[in-house]
Structures are given as C-alpha cells and as structure tokens.
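# Residue-level structure breakdown
As a plain string of letters, each chain reads:
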Amino acid sequence: MAATETRQGIGVSPGTAYGPVVQVAPPVRPPENEPAVDDRDAALDDVRAAFESVAVALEGKARHADDTAQQILAATALIARDKGLVKAATKQLEAGRGRATAIANAVEEYCVQFEALGGYFAERVTDLRDVGSRAVAAVLGVPAPGVPHFTEPSVIVAEDLAPAETATLDRSLVVGIITQHGGRTSHTAILAAQMGIPAVVQLGGATGIPAGTPVALDGDTGEVTIAPDPALVEAQRVRREKRAEALSASRGPGVTKDGHAIALLANIGGVKDAEEAGAQDLEGVGLFRTEFVFLSADKAPTVEEQTDIYRKVFAPFGSRRVVVRTLDAGADKPLAFADLGPEENPALGRRGLRLSAERPELLDAQLEALAVAARETGADVRVMAPMVATVEEAAWFARRVRENGLPKAGVMIEVPGAAMRARHVLAEVDFGSLGTNDLAQYTMAADRMQGELSDLLDPWQPAVLDVVAAACDGAREAGVPIGVCGESAGDALLALVLAGLGVSSLSMAPSKVPVVRLALSLHTLPECQGLARAARDAPTARESLEAVRSRARSELTDLL
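Residues numbered from 1 in each chain as written. Predicted model: local features only at pLDDT ≥ 70, side-chain atom pairs only at ≥ 80, totals over all residues. Heavy atoms only, no water.

## Quick notes on the overall build of the chain
Broken down by element type, the chain carries 24 helices and 16 strands. Considering only C-alpha atoms, the chain reaches an extent of 75 × 60 × 40 Å along its principal axes. Within the chain, the fraction of its 560 residues that count as buried is 57%. Long-range pairs, those at least 24 residues apart, make up 70% of the contacts in the chain with a sequence separation of at least 6. Entry remark: accessible area of the chain is about 22,100 Å², with carbon and sulfur atoms responsible for 51%. In the chain, 55 positive and 76 negative side-chain charges are present, and the distance between their average locations comes to 3 Å. (Helix = DSSP H or I, 4+ residues; strand = E, 2+ residues; numbered from the N terminus. Buried < 20%, exposed > 50% of the residue type's maximum accessible area, 1.4 Å probe, protein only. Contact = heavy atoms within 4.5 Å. Areas by Shrake-Rupley, 256 points an atom, 1.4 Å probe, with all protein chains shown as cover. Lys, Arg positive; Asp, Glu negative; His and termini not counted. Charge placed at Lys NZ, Arg CZ, Asp CG, Glu CD.)

As structure tokens, then:
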C-alpha cells in the first residue's frame, strides 16, 4: 500500500473524485535503430496511408461527440491531412530513416515550429504529437495509444490527454482526470468542464503513480491525495452530497442576496451544445463561438449554409439572448480560404477583427446570415467582435453590424489597451464582454498554452483583476453593460469578485452555472464589492484567493 501523500496541481474542472488510477498508455514510439526502407515509393505510400487512417478515425470519433469535442477532433483530423507533414516525412525517408522514425521526426520538426510560434500553434502541439503517435502505430501495425479498457469508476491519469481521448471518455466510468502537463485553457481543461468531470492539470509526477493506486482529487483547489486516509475520502463524499443537495435547490436567474441581477449564460460551440444548453436553467448564451462553421471548410461557407446553422443554434433559446462572437481566426488560426501569410508572432498579428478588416466580405456574409436567422427565429441576437483594440475598430464593427439589420453590437475586451480605454471603446457599441483568458495572457506576457507559465496566468493575479476593474469602470462611465465569457466566470469565488467589480453577466460551461448561481445568492452586492477590494489589495494571486475565501460565506466555502 502506497504512503499517503498530497500533491498540488491546478484545478480546472470543479468537484471532487475518488477512485483507482488508470494510467493512459504512453505514445507509441518508433523502434530504436529502425532500418532504412528498401522501396521509398512504397514506404511513402505507407506513410500517406497512415496519416489518412488517423484522419478518418478522428472524423469517426467526431461524429459521435458533442460540439466542443467535435470541433477539436475535426481540427485535429485536418492536422493529420497536412501535406507539409508528408513532405517532411519524405525528406526523412530520403535521409535513410525507416517509416515510423520518418513520421516521428517529421512531427517533432513541426512541434518545434509550433512551439516557437506560440498562441494557437502552441496549443496544437499535444494534438500534433497525438496524430504522430497514431500514425506511427498505424505503420507498425500495433494498437493506437489511448485509455485502456476498465470496468470500475476510476481516475484517468496521463502525461497530457489528447482531444481524441478526452472527447470519447465514458462519463459513467471516468470520475476524475489528472494530467502531468496541460494548462488552464488546454483542451483537457475545456472538455472536462464541458463534461462535468473533476480535473487537475500540471500535477508533478502524475504518470509515476502506479495503476490501481487509490487517489482523491479536488478540481476546485487542485489538490491530489495519493492513497488517502479514509477520513478524507469520507469528508469528500459528505461534501459532494452536500454540494449536490445545495445545487439542486439553486434555480432561476442569477441574482445576489439583495436582488442585484447577474445574468448566468452558457458558452457554446455549435448546434449540439445549443440544444443541450437550451434545455437547461440558463438565461441564454454569453459566447457562441462560430469558428466551427469555418474551420473544416476548404472554401468560405455561403450565406445560406451559415444561416441554416445559426437558425438551429438560436432556436433552442426562444426569446433568451444569444451573444455571437464573429469569426475569431487569422494568422494564428489559419483558414485555407483566408490565409494572410505567415507572421512572426501570430498571437499579436492579424487575427479576429483584424482579419475581418482585411477580408470584409467574410464578415459581411456572416452578419447577413446572422440577421436572417435572427429574423426567422425571433431570437435576441447580439453580435460581438474579437480582438478589438481601438475606438476606430469598435466604431467600424458597430456600423457594419447595424447596416446588416442587427440591433446590438458589442466588442470583446481581451486587449489591455481596450480595457484601459474602455470608456471610449465601449461608447461606440451596446455592450462589452471580457475575454479573461486572452486578457490574462496579454497582461502577464505569458502564453496561455504553456503550462509552465500557469502561475502567471492564474485568474487571481491582482494585475489581471486591476485590468478587469479598469474595463468595468470604463463601461460604467460609458453607460454600457459588460460581462465575462472567459474561464474566470465559472469560478464561484471569482464570480463574486467579478460581480463586485461591476459585471452584469457571467458566461461559462453549463456545468458550472449551478454553483455560481448559489454563490451569488448567498452574498449581497456590497459584500461582493468588499471581496473585490480584498482581492485587488492582495500582493499575490494566492493571497488574493485566500483573502476572498476567508471572507466569503461558509455556506459556500464548505462546498468548495
């Protein structure tokens, strides 16, 4: 029996879990000293077939996944079909490498390039390595890597779960997820929250925990206890039951104890997400990511094609609001039909609204389709632009939205410059929405996908809260409502701080809404304002969290 030991990771999906460890099989590697091929043409055919088989398998998984997972799997399938990978493998074959080694080396070359580019490219390194491992397995004729078969409720542990694995987990058997790598906004974190599975990332030595070892994890605090004492397991069980009971009684609109309204909304990515969220006790959608309409297309989707999709997304919400983010793409999320060429720093390049300014026909087609779908469904559609930095950009976007017959235009506040000048930027539009993931990345000069920098990207960083506060002050001066649609919105304690800073809506994964609703109902607005002051007065992120936790009502903190 292993000795009891508690380790600290980063909690990314709330709740507690207890169960035996199931270690995910490591990536398939090529054999050492694999000999060169005799027939390079035949070997190249095998490499092509291996990558294609991976793409087909991923697309098959996507057909049975929900929207968020479907988008990620479809995008990963595109990686497997990247002609550049085959070209790189061809050079490796010509240099005397074997089939499996050629694939592995080609993929690693791309990984180095992606990591150097940062932003969206760095985000795809885990996906890329998973594609490579599966292709290596295909040419070697061995099973692809992945989660082994198991039959009892267990905690999945991996170096870093690839989307193809996370998206297809059996929720009835997977009670928790732990990864050694990953970050707050990694695909594992996003999918775990979407699926309602407690998860911890960045846990040192996770892959060294022997299979079958019982562990207790806390997706709120990030603590993982190996071989826990029965008293801890029982305490977590009691807390789970109390939490479930408290949340089951939490219904209706978001409102503080003294009656101040804070709308509780969902982040969605497509039709299936909309159908599931529309059936829940939510006040609408605070972020509809429209990228899925474009990512798998080799040419720009037509107005008619987009209208059909938007109509299906809006319908489940009736008269409830649906906030739509226009296409967030560009050099960091390249599209075959809107490639503006390579950039040295894509995260700071022509992405989001900047791409729309260079390719306005894409934006106009999207706005036309949104307007038609809104009229046909009677939905309360509000449209916002990503990556807005200046007053001129906000005014340009608002004008195009209104010219297309859509009544409400807004902007994402994810650039510190826009946050600091929010009173001017927001004066041009009808609402603002804080994208706290990117806002933290740009404020702290830390790549949000680099797990080693997770401490800098902690949403409790006082500097980030100061920037959020500046944006809220600007919105107040402009007389415009501002919400939050980043990961911060789904943190029950941080939601209280955000309410105290002045946000009027919080948008999150639907699974996080009940606990946020409960948190608001237990605190008055003046109490939230006091918590916000305490959070900003703290010198460090950890002390900021502790300041709020110690002051928040025990009816909430006892459940977290």
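Moving on from the coordinates now.
## Let's talk about the sheet that holds strand 14 (residues 431-434)
Strand order in the closed barrel formed by eight strands is 9-10-11-12-13-14-15-16, with parallel pairing between adjacent strands. On average, adjacent strands in this sheet sit at an angle of 30° to one another, irrespective of strand direction. In this sheet, strand 16 (residues 505-508) lies alongside strand 9 (residues 263-268) in parallel orientation, the contact comprising four bridges. The partner of Ala 263 across the bridge, within strand 16, is Ser 505. (Pairing = 2+ DSSP bridges. Axes fitted to C-alpha atoms, helices over the stretch in contact; angles between N-to-C directions.)

## A closer look at the packing of aromatic side chains
Tallied over the full model, the rule gives two aromatic pairs. Seen in terms of ring centroids, Phe 288 and Tyr 310 are 6.2 Å apart; in terms of plane orientation they differ by 80°. Their pairing is edge-to-face. Taken together, the residues span a long stretch of sequence, with Phe 288 in strand 10 (residues 284-289) and Tyr 310 in helix 12 (residues 303-314) at a distance of 22 residues. In this pair, the class of Phe 288 matches that of Tyr 310, namely buried. (Phe/Tyr/Trp six-rings, centres within 6.5 Å; stacked < 30°, edge-to-face > 60°.)

## Overview of the nonpolar core
Ranked by size, the top nonpolar core spans 104 residues in total, and within it Phe 314, Leu 434 and Leu 506 carry the most contacts. Looking at which element gives the most residues to this core, the answer is helix 20 (residues 492-501), with nine residues. Other than its neighbours up to four places away in sequence, Leu 434 contacts Ile 413, Leu 439, Val 468, Ala 471, Cys 472, Ile 482, Gly 483, Val 484, Cys 485, Gly 486 and Val 503. Residues Ile 72, Leu 73, Ala 77 and Leu 85 belong to the second largest nonpolar core, which totals 40 residues. (Core = buried A, V, L, I, M, F, W, Y, C linked by side-chain atoms within 4.5 Å.)

## Remarks on the pattern of salt bridges
One pass over the structure, following the stated rule, counts 26 salt bridges. Of the charged contacts, one joins Arg 311 and Asp 308 as a salt bridge, the two residues approaching to 3.3 Å between their closest N and O atoms. Placement of the pair is Arg 311 and Asp 308 together in helix 12, with a separation of three residues, close to one helical turn. Using a relative accessible area of 29% as the deciding quantity, one classes Arg 311 as partly exposed. The salt bridge involving Asp 430 is made with Arg 402; its shortest N-O contact spans 3.0 Å. In this pair, Asp 430 is assigned in the loop between helix 17 (422-425) and strand 14 and Arg 402 in helix 15 (residues 391-403), connecting sequence segments 28 residues apart. Here the residues in one salt-bridge network are Asp 308, Arg 311, Lys 312 and Glu 376, joined through shared partners. (Salt bridge = Lys/Arg side-chain N within 4 Å of Asp/Glu carboxyl O.)

## A short note on the state of the cysteines
Note on terminology: a disulfide is the covalent bond linking the sulfur atoms of two cysteines. This structure, assessed with the given rule, holds zero disulfides. For Cys 528, which is in no disulfide, the shortest distance to another cysteine sulfur is to Cys 472 and amounts to 13 Å. (Disulfide = S-S within 2.5 Å.)

## Here's the deal with the sheet that holds strand 8 (residues 223-226)
Pairing within the open sheet is mixed, and its eight strands lie in the order 1-8-7-3-4-5-6-2. Looking at which strands have only one partner, the edges of the open sheet turn out to be strand 1 (5-8) and strand 2 (10-13). The sheet shows a mean angle of 30° between the axes of neighbouring strands, taken without regard to direction. Judged from the five bridges that link them, strand 4 (residues 154-158) and strand 5 (residues 174-179) form a sheet pairing that is parallel. By the bridge assignment, Ala 158 is partnered in strand 5 with Thr 179. Across the sheet, helix 8 (residues 187-195) touches strand 2, strand 5 and strand 6 (199-201), and the angle it forms with strand 2 is around 50°. With respect to the sheet, helix 9 (residues 230-248) is in contact with strand 3 (16-23), strand 7 (214-218) and strand 8, its orientation differing from that of strand 3 by roughly 125°.

## Points about the pairing of strand 5
Burial analysis of strand 5 places five of its six residues in the buried class, which makes it a mostly covered element. Note that strand 5 and strand 6 share two bridges and pair parallel. Each residue of the ladder has a partner; that of Ile 177, found in strand 6, is Ala 199. Each parallel crossover has a hand, and for strand 5 linked through helix 8 to strand 6 it is right-handed. (Right-handed = clockwise from strand over helix to strand, strands pointing away.)

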